[in-house]
Amino acid sequence: MKKVLHPDIIKKRSPLSGYGLFATKDIPVGTVIWSYGNVRVYTKVQYDTFCEAYKAILRHFCYEGDNGVLVYCTDDSKYFNHSCNPNTMSIDSEKDIAIKDISKG
């Protein structure tokens, strides 16, 4: 299985809600944090055929990709949390970079 998250990022319980991703070491600005891989891509037609339980999972963890497809990350990258003050940014549909230095923890 291809590792798509930076090796110094782990999933653990978040003090805010559920799980989140945390740095185990300081990560400098400009570092690639995530790259496209280990994903399942679903069209709207495919999504409509799924049971409600799976649709709920997809609504929680998917993001909308090019052409309106749903992209479901099958590794821990699905635990990226939203922030109004983010420390990463998508530079294209296939990778995210650190837009500021990220401190351990």
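A quick note: this is a predicted structure, and the numbers were derived from the prediction, not measured.

A. Looking closely at the pattern of salt bridges. The final tally for this structure, using the stated rule, is two salt bridges. Between Lys 44 and Asp 48 there is a salt bridge whose closest N-O contact spans 2.9 Å. A residue pair is termed a helical-turn pair when its members lie 3 or 4 positions apart in one helix, as Lys 44 and Asp 48 do in helix α1 (residues 44-49) at four residues. The closest approach of N and O atoms between Glu 52 and Lys 55, which form a salt bridge, is 3.5 Å. Within this pair, Glu 52 and its partner Lys 55 are both found in helix α2 (residues 52-61), separated by three residues, close to a single helical turn. Take Glu 52: its relative accessible area is 51%, and that puts it in the exposed class.

B. A look at the sheet that holds strand β6 (residues 70-73). One open sheet holds the three strands; their spatial order is β4-β6-β5, and the pairing between them is antiparallel. Where the open sheet ends on each side, the last strands, each with one partner, are β4 (39-42) and β5 (63-64). With two bridges connecting them, β5 and β6 associate as antiparallel partners. Within β6, the residue paired with Glu 64 across the bridge is Leu 70.

C. Expanded view of the sheet that holds strand β3 (residues 32-35). With respect to topology, three strands assemble into an open sheet ordered β3-β8-β7, the strand pairing being antiparallel. This sheet does not close on itself; its edge strands, each paired only once, are β3 and β7 (88-92). Recorded for the sheet is a direction-independent mean angle of 25° between the axes of neighbouring strands. Note that β7 and strand β8 (residues 95-98) share four bridges and pair antiparallel. The partner of Ser 90 across the bridge, within β8, is Asp 96.

D. Region of the structure containing the environment of His 82. By the element assignment, His 82 lies in the loop between β6 and β7. Between the C-alpha atoms of His 82 and Lys 95, which are 13 residues apart in sequence, the distance is 16 Å.

E. Geometry of the confidence of the model for the chain. Residue-level pLDDT values for the chain average 87, and 96% of them are 70 or greater. The secondary-structure element of the chain with the lowest mean pLDDT is β5, recorded at 83, while α1 shows the highest, at 95.

F. Local environment of the packing of aromatic side chains. Applying the stated criterion across every chain, the model contains six aromatic pairs. The interplanar angle of 80° and the centroid separation of 5.1 Å between the aromatic rings of Tyr 42 and Phe 50 together place this pair among those described as edge-to-face. Their ring planes at 85° and their centres at 6.1 Å tell us that Tyr 42 and Tyr 54 sit as a pair that is edge-to-face. Of this pair, Tyr 42 sits in strand β4 while Tyr 54 is found in helix α2, placing the two residues twelve residues apart along the sequence. Under the relative-accessibility criterion, Tyr 42 is labelled buried at 11%. Of the aromatic side chains, those joined through ring pairs into one cluster are Tyr 19, Phe 61 and Tyr 79. The residue whose ring lies beneath Lys 55 is Tyr 47, and the NZ or CZ to ring-centre distance is 5.4 Å. Its guanidinium or amino end placed over the ring of Phe 61, Lys 78 lies 5.8 Å from that ring's centre, counting from NZ or CZ.

Parameters at a glance
- Residues numbered from 1 in each chain as written.
- Predicted model: local features only at pLDDT ≥ 70, side-chain atom pairs only at ≥ 80, totals over all residues.
- Heavy atoms only, no water.
- Salt bridge = Lys/Arg side-chain N within 4 Å of Asp/Glu carboxyl O.
- Helix = DSSP H or I, 4+ residues; strand = E, 2+ residues; numbered from the N terminus.
- Buried < 20%, exposed > 50% of the residue type's maximum accessible area, 1.4 Å probe, protein only.
- Pairing = 2+ DSSP bridges.
- Axes fitted to C-alpha atoms, helices over the stretch in contact; angles between N-to-C directions.
- pLDDT = per-residue confidence, 0-100.
- Phe/Tyr/Trp six-rings, centres within 6.5 Å; stacked < 30°, edge-to-face > 60°.
- Lys NZ or Arg CZ within 6 Å of the ring centre and 35° of its normal.

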